[in-house]
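Listed here are the chains, written in short residue letters.
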Amino acid sequence: MKFDISSIDGGQSGSIELNDAIFGLEPRADLIARMIRYQLAARRAGTHAVKNRADINRTTKKMYKQKGTGGARHGSMRVPQFRGGGRAFGPVVRSHAHDMPKKVRALALRHALSQKFRDGGIVVWNSAELAEPKTKSLLASFEKLGLNNALIIDGAELQANFSLAARNIPNIDVLPVQGINVYDIFRREKLVLTKAAIDALEARFK
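All values derive from a computational prediction rather than experimental measurement.

Participant: Please explain the overall build of the protein chain as it appears in this structure.
Facilitator: When helices and strands are tallied, the protein chain shows seven helices and six strands. Along its sequence from the N terminus, the protein chain presents helices and strands in the succession β-β-α-α-α-β-α-β-α-β-α-β-α. On the principal axes, the C-alpha backbone points of the protein chain span a range of 95 × 40 × 25 Å. Counting across all 206 residues of the protein chain, residues that qualify as buried make up 35%. Accessible area for the protein chain stands at about 12600 Å²; split by element, carbon and sulfur atoms hold 49% of it. Across the protein chain, 34 positive and 19 negative side-chain charges occur, with their mean positions spaced 23 Å apart.

Below, the structure written as structure tokens:
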């Protein structure tokens, strides 16, 4: 399918043929949701923890004699039923990441790109390059284009001037093509792809 190419200043730079196997699939919401859950689970720190009975600093002496008190039998003050005792079945430090097949992850990315294309949220630039790293001029270009919430994907390497100019602009993310992911695609309203990024994606999914 043909798609118009624009530039940072808003001019037209011809057109490009987008691969139907990447941008023309019938999107599967379940696959996209599964991938986002996979990404968010891997991001979790998993540093939540509480003290169980082994971590409580109390005497190990038996509280009172086994028989004759009329009360229940107890041998430790560290148990959860006493104030100051350990927590029963509390969270422990662990990783929340889970496995997902590589082919499924690749398929989810293609479905995400197809969904973004179907929603009209894709913009193709000829390149993402600036002569000077000026945030003010780049912000003016974004306002002219109506880009106030976007993920910009360039080729294997970002141009230093563009990266420096864009890093202080709120709600604008700039990533090399290796960093493209499903979560960030849907976190932003627009997905801006350069020609270099599209070439790299087509080579990746060939």
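Participant: Could you clarify how one ought to interpret the sheet that holds strand E1 (residues 2-6) in this entry?
Facilitator: Note on sheets: strands pair through backbone hydrogen bonds, and any given pair is parallel or antiparallel. Spatial strand order, E2-E1-E3-E6-E4-E5: six strands in an open sheet with mixed pairing. Each edge of the sheet is formed by a strand with only one pairing partner; in this case those strands are strand E2 (12-17) and strand E5 (172-176). For this sheet the average axis-to-axis angle between neighbouring strands, irrespective of direction, equals 30°. Each of E1, E2, strand E3 (122-125), strand E4 (150-154) and strand E6 (190-194) touches helix H7 (residues 195-204); the most contacted strand, E6, lies at about 85° to it.

Participant: I'm lost on the packing of helix H2 (residues 29-43) against helix H3 (residues 102-118) in this one. Help?
Facilitator: How two helices sit against one another is set out by the angle between their axes and by the gap between those axes. Packing of H2 against H3 leaves a shortest axis separation of 9 Å and a crossing angle of 120°. Crossing angle aside, the handedness with which H2 passes H3 is left-handed. Along its contact with H2, which presents Leu31, Ile32, Arg34, Met35 and Tyr38, the element H3 presents Val104, Arg105, Leu107, Ala108, His111, Ala112 and Gln115. Residues that form the contact of H2 with H3 fall into these classes: eight nonpolar, two polar and two charged.

Participant: Looking at this structure, how should I read helix H4 (residues 135-145)?
Facilitator: Taken together, the buried positions of H4 are Leu138, Ser141 and Phe142. Viewed along the axis of H4, the buried residues span an arc of 100°, placing them on a single side of the element. What points out from H4, more than 90 degrees from its buried face, is the exposed set Lys136, Glu143 and Lys144. Elements that come into contact with the buried residues of H4 comprise E3, E4, helix H5 (160-166) and E5. Following H4 by one or two positions, Gly146 adopts a phi angle in the positive range, close to 80°.

Conventions adopted
- Residues numbered from 1 in each chain as written.
- Predicted model: local features only at pLDDT ≥ 70, side-chain atom pairs only at ≥ 80, totals over all residues.
- Heavy atoms only, no water.
- Helix = DSSP H or I, 4+ residues; strand = E, 2+ residues; numbered from the N terminus.
- Buried < 20%, exposed > 50% of the residue type's maximum accessible area, 1.4 Å probe, protein only.
- Areas by Shrake-Rupley, 256 points an atom, 1.4 Å probe, with all protein chains shown as cover.
- Lys, Arg positive; Asp, Glu negative; His and termini not counted.
- Charge placed at Lys NZ, Arg CZ, Asp CG, Glu CD.
- Pairing = 2+ DSSP bridges.
- Axes fitted to C-alpha atoms, helices over the stretch in contact; angles between N-to-C directions.
- Contact = heavy atoms within 4.5 Å.
- Left-handed = near helix turned anticlockwise from the far one by under 90°.
- Nonpolar A, V, L, I, M, F, W, Y, C, P; charged D, E, K, R; others polar.
- Arc of directions from axis to C-beta.

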